[in-house]
Amino acid sequence: MIDLTNLTIKKAHEGLKEKKFSCVELTQSFLDKINTKDKEINAYLTITPELALKQAKNADEKIKKGEINILTGIPCAIKDNLMIKGIRCTAGSKFLDKYVAPYNATVINKLKDCVFLGKTNLDEFAMGSSCEKSAYFPTHNPHDLERVPGGSSGGSAAAVAANECVFALGSDTGGSIRQPACFCGITGLKPTYGTVSRCGLIAFASSLDQIGPMTKSIEDAELVFNAIKGKDKMDSTSCDENRNKDLKEIRIGVPKEYFGKGLDPEIEKAVKNAINFYEKNNAKIVEISLPHTDYALACYYIIAPSEASANLARFDGIRYGKVADGENLIDYYLQNKTKGFGAEVKKRIILGTYTLSAGYYDAYYKKALKVRTLIKKDFEEAFEKVDIIISPTSPCLPFKIGEMVDDPLAMYLSDIYTVSVNLAGLPAISIPCGESNGLPIGMQLIAPAFMENNLFKIAKLYDNTRN
Amino acid sequence: MISKIAKLANLIIDEKDLDKFEKDFSSILAYVDKLEEVDVSGIEETANLSCVENVLRDDIEERKETKELLDLMPDKKDNYLQVNEVFEEND
């Protein structure tokens, strides 16, 4: 019997269509896998076997009637900041420990033919790059259990890499899909800002957040992206735009600022090998400059906490999520927020409150918004000369659990290649491109806004030939 | 300084964590101060990225189910959320 948990969406779909196995069998294989394997990995916060098997039965009935599309009956895992109606949704926080989602996120409605195996672990409110800031427990990297899976979508990445689901959904604000995908040796896509509706995503930073697929193959990422994208009346920042550009000759941009100090030499080697591959296959390699690269992290660490401080103001224990009592209204807020939020979240709320406060708003937040324009312009100018930009996804290999916990700046610096992309609202994908002593290495491809098609096309070129 | 901002955000930082907090906070602020080097004269802000036009819906009442929301409320009376007094005696 083939290992049903090893299949991509495409293979699982073929198996279901050709009736090699039923959806209930497929789902049960994953539930069994999770039961045995997740003790070591801790990818899941909530497992939903009842829901999953109910959905699987429905899928089997549909398949019997011949009503099958590519995602029908495919078991997946959902990051726990995305709402599934009737299922616990914690955002990795104690504040929402007992919170049950009252409605479906739009992307969940769009994936209604899939099977939801459960909700995956994340850094609290998606603030982190290692999954260590979850209020519950850290997730372990399936390639080396002593190491982090990355974050904040660490649970989703680990679940895919450990074959505990066929694919997963994550969210990306500063690299939270791409970096864990890189650390776990899988594919992760952050779509262009606005292509996927954020309705039902517990917000972190509203001008940066995007939901995206985490998958075993680029083809799978494309399938899920096409299913979840689209303008949604419930998200007024969403749109249907799609831009196509014929690529007769592929011009690949290599940003000179991205290959300097601080980049692990093994990662540099692997990414440069990948670039050489493209060159040997008739792509033109162009050195480009993104001159404001040095300021991207500072810009992000003003904008994201500012927006987070506003978005997280709603968590006060009043309408839901009560974790404490208070002597009066203000004390009630104080007690709930103090007990409900973890240290990293508190830190970012305080940072954001400071940067938005009277007297500092202009110096910090407004200034950061202007630097953001400059970063966006850097990419626009680069894309006049090239079609795709290639960079490492992370400057470092997956680190050990506990290694970076004491140094906040060091952790933040690991986002250096990913944050600019969110600031500029561009689409980017991380795909595996090598390994170092068994630890996965990933590279990032960045395309102009709304050109995910080119991203998939060029990523597949590398992937297909390698395999 | 941290305690003042924490008060604005309705948070309390524990005495024992305050020192580390101040240190972390200072190092982050020192890092983001980098932006002072950038010349932004004449540059517009990018506050949001999308198709920037106001999106409106028809002004029609939509009735929604409230059971799930009521179930989440910590303190209820009939179908109303019960909270601490917002205005105190001497207001």
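The rules behind the values
Residues numbered from 1 in each chain as written. Chains lettered and ligands numbered in written order. Predicted model: local features only at pLDDT ≥ 70, side-chain atom pairs only at ≥ 80, totals over all residues. Heavy atoms only, no water. Helix = DSSP H or I, 4+ residues; strand = E, 2+ residues; numbered from the N terminus. Buried < 20%, exposed > 50% of the residue type's maximum accessible area, 1.4 Å probe, protein only. Rg over C-alpha atoms; globule rule 2.2 N^0.38 Å. Contact = heavy atoms within 4.5 Å. Patch = residues over 30% accessible without salt bridge, like charges linked within 9 Å, V, L, I, M, F, W, Y side chains within 5 Å. Areas by Shrake-Rupley, 256 points an atom, 1.4 Å probe, with all protein chains shown as cover. Salt bridge = Lys/Arg side-chain N within 4 Å of Asp/Glu carboxyl O. Phe/Tyr/Trp six-rings, centres within 6.5 Å; stacked < 30°, edge-to-face > 60°. Core = buried A, V, L, I, M, F, W, Y, C linked by side-chain atoms within 4.5 Å. Pairing = 2+ DSSP bridges. Buried area = accessible area lost by both parts, 1.4 Å probe. Polar contact = N/O pair within 3.5 Å; in protein donor to acceptor, adjacent residues only side chain to side chain. Nonpolar A, V, L, I, M, F, W, Y, C, P; charged D, E, K, R; others polar.

## Structural notes on the overall build of chain B
- Helix and strand counts for chain B come out as three helices and two strands.
- Its helices and strands in sequence order give chain B the pattern α-α-α-β-β, from N to C terminus.
- If you line up chain B on its principal axes, its C-alpha atoms span 55 × 45 × 30 Å.
- Counting only residues that meet the buried cut, chain B has 26% of its 91 residues in that class.

## Structural notes on the overall build of chain A
- On a plain count of helices and strands, chain A comes out with 15 helices and eleven strands.
- In terms of overall size, chain A behaves like a compact globule, its C-alpha atoms giving a radius of gyration of 21 Å where 467 residues would be expected to give roughly 23 Å.
- If one aligns the C-alpha atoms of chain A with their principal axes, the spans along those axes are about 65 × 60 × 45 Å.
- The buried share among the 467 residues of chain A stands at 66%.
- In chain A, once contacts between residues fewer than 6 apart in sequence are set aside, the share between residues at least 24 apart is 75%.

## Comments concerning a nonpolar patch on the surface
- Together, Val83, Val86 and Phe87 of chain B make up a nonpolar patch on the protein surface, roughly 310 Å² of accessible area in all.
- Taking the relative accessible area as the measure of exposure, Val86 of chain B reaches 52% and is therefore exposed.

## Observations concerning the packing of aromatic side chains
All names here are of chain A.
- Applying the stated rule across the entire model yields 21 aromatic pairs over all chains.
- Ring plane angle 90 degrees and centroid distance 6.5 Å describe the contact between Phe315 and Phe341, whose orientation is recorded as edge-to-face. Of this pair, Phe315 sits in the loop between α9 (293-311) and α10 (329-340) while Phe341 is found in the loop between α10 and α11 (343-356), placing the two residues 26 residues apart along the sequence. Like Phe341, Phe315 is buried.
- Ring pairing ties together the aromatic residues Phe95, Tyr99, Phe125, Phe315, Tyr320 and Phe341, which thus form one cluster.

## Focus on helix α7 (residues 218-228) of chain A
- Looking only at α7 of chain A, the buried set comprises Ile218, Asp220, Ala221, Glu222, Val224, Phe225 and Ile228 of chain A.
- Two residues or fewer past α7 of chain A, Gly230 of chain A is found with a positive phi of approximately 130 degrees.

## Quick word on the pattern of salt bridges
- Inspection of every chain in the model, using the stated rule, returns 30 salt bridges over all chains.
- Its salt-bridge partner being Glu344 of chain A, residue Arg348 of chain A comes within 2.8 Å of it at the nearest N-O pair. Of this pair, Arg348 of chain A and Glu344 of chain A both sit in helix α11, separated by four residues, roughly a single helical turn. By the burial criterion, Arg348 of chain A is buried, and Glu344 of chain A matches it.
- Lys347 of chain A is the partner of Asp24 of chain B in a salt bridge, and the nearest nitrogen-oxygen pair spans 3.1 Å. Here the residue Asp24 of chain B occupies a position in helix α2 (residues 15-32), and Lys347 of chain A occupies one in helix α11, the pair thus bridging two chains.
- On the accessibility criterion, Asp24 of chain B (7% relative accessible area) is buried.
- Residue class for Lys347 of chain A comes out buried when judged on its relative accessible area of 8%.

## A closer look at the nonpolar core
All names here are of chain A.
- Of all hydrophobic cores here, the largest spans 169 residues; its most connected members are Phe125, Phe167, Tyr278, Phe379, Met443 and Leu445.
- Take this core: its biggest share by element is eleven residues, from α9.
- Once residues within four sequence positions are removed from consideration, Met443 is found in contact with Val271, Ala274, Tyr278, Ile390, Ser391, Pro392, Thr393, Ile429, Ser430, Ile431, Cys433 and Tyr462.
- Val148, Phe183, Phe399 and Met411 belong to the second largest nonpolar core, which has six residues in total.

## Let's talk about the pairing of strand β9 (residues 388-392) of chain A
Residues and elements named next belong to chain A.
- In terms of burial, β9 is largely enclosed, as five of its five residues are buried.
- When strand β7 (residues 251-255) meets β9, the two strands line up parallel, connected through two bridges. Within β9, the position partnered with Ile252 by the bridge is Ile388.
- In this structure, β9 lies alongside strand β11 (residues 439-446), joined through four bridges in antiparallel fashion. Directly across from Pro392, in β11, lies its bridge partner Met443.

## Observations regarding the interface of chain B and chain A
- In this assembly, 48 residues from chain B lie in contact with 62 residues from chain A.
- Between chain B and chain A, a total of about 5,000 Å² is buried, with carbon and sulfur atoms accounting for 72% of that surface.
- On the chain B side of the contact with chain A, Leu35, Leu49 and Leu72 of chain B bury the most area, a combined 14% of that side's loss.
- Put simply, Glu68 of chain B and Lys85 of chain A hold a salt bridge, and the shortest N to O gap is 3.4 Å.
- On inspection of chain B and its partner chain A, the count reaches eleven residue pairs in polar contact (both at pLDDT 80 or more).
- For the side of chain B that touches chain A, the elements supplying multiple residues, two or more each, are α1 (2-8), α2 and α3 (67-72) of chain B.
- Of the residues forming the side of chain B that touches chain A, the biggest block, nine residues, is contributed by α2 of chain B.
- For the side of chain B that touches chain A, the class distribution of residues is 30 nonpolar, five polar and 13 charged.

## Remarks on the side chain of His292 of chain A
- Here His292 of chain A is to be found in the loop between β8 (284-288) and α9.
- For His292 of chain A, a relative accessible area of 18% gives the class buried.
- Setting aside anything within four residues of it in sequence, one finds His292 of chain A in contact with Leu374, Ile375 and Asp378 of chain A together with Val38 of chain B.

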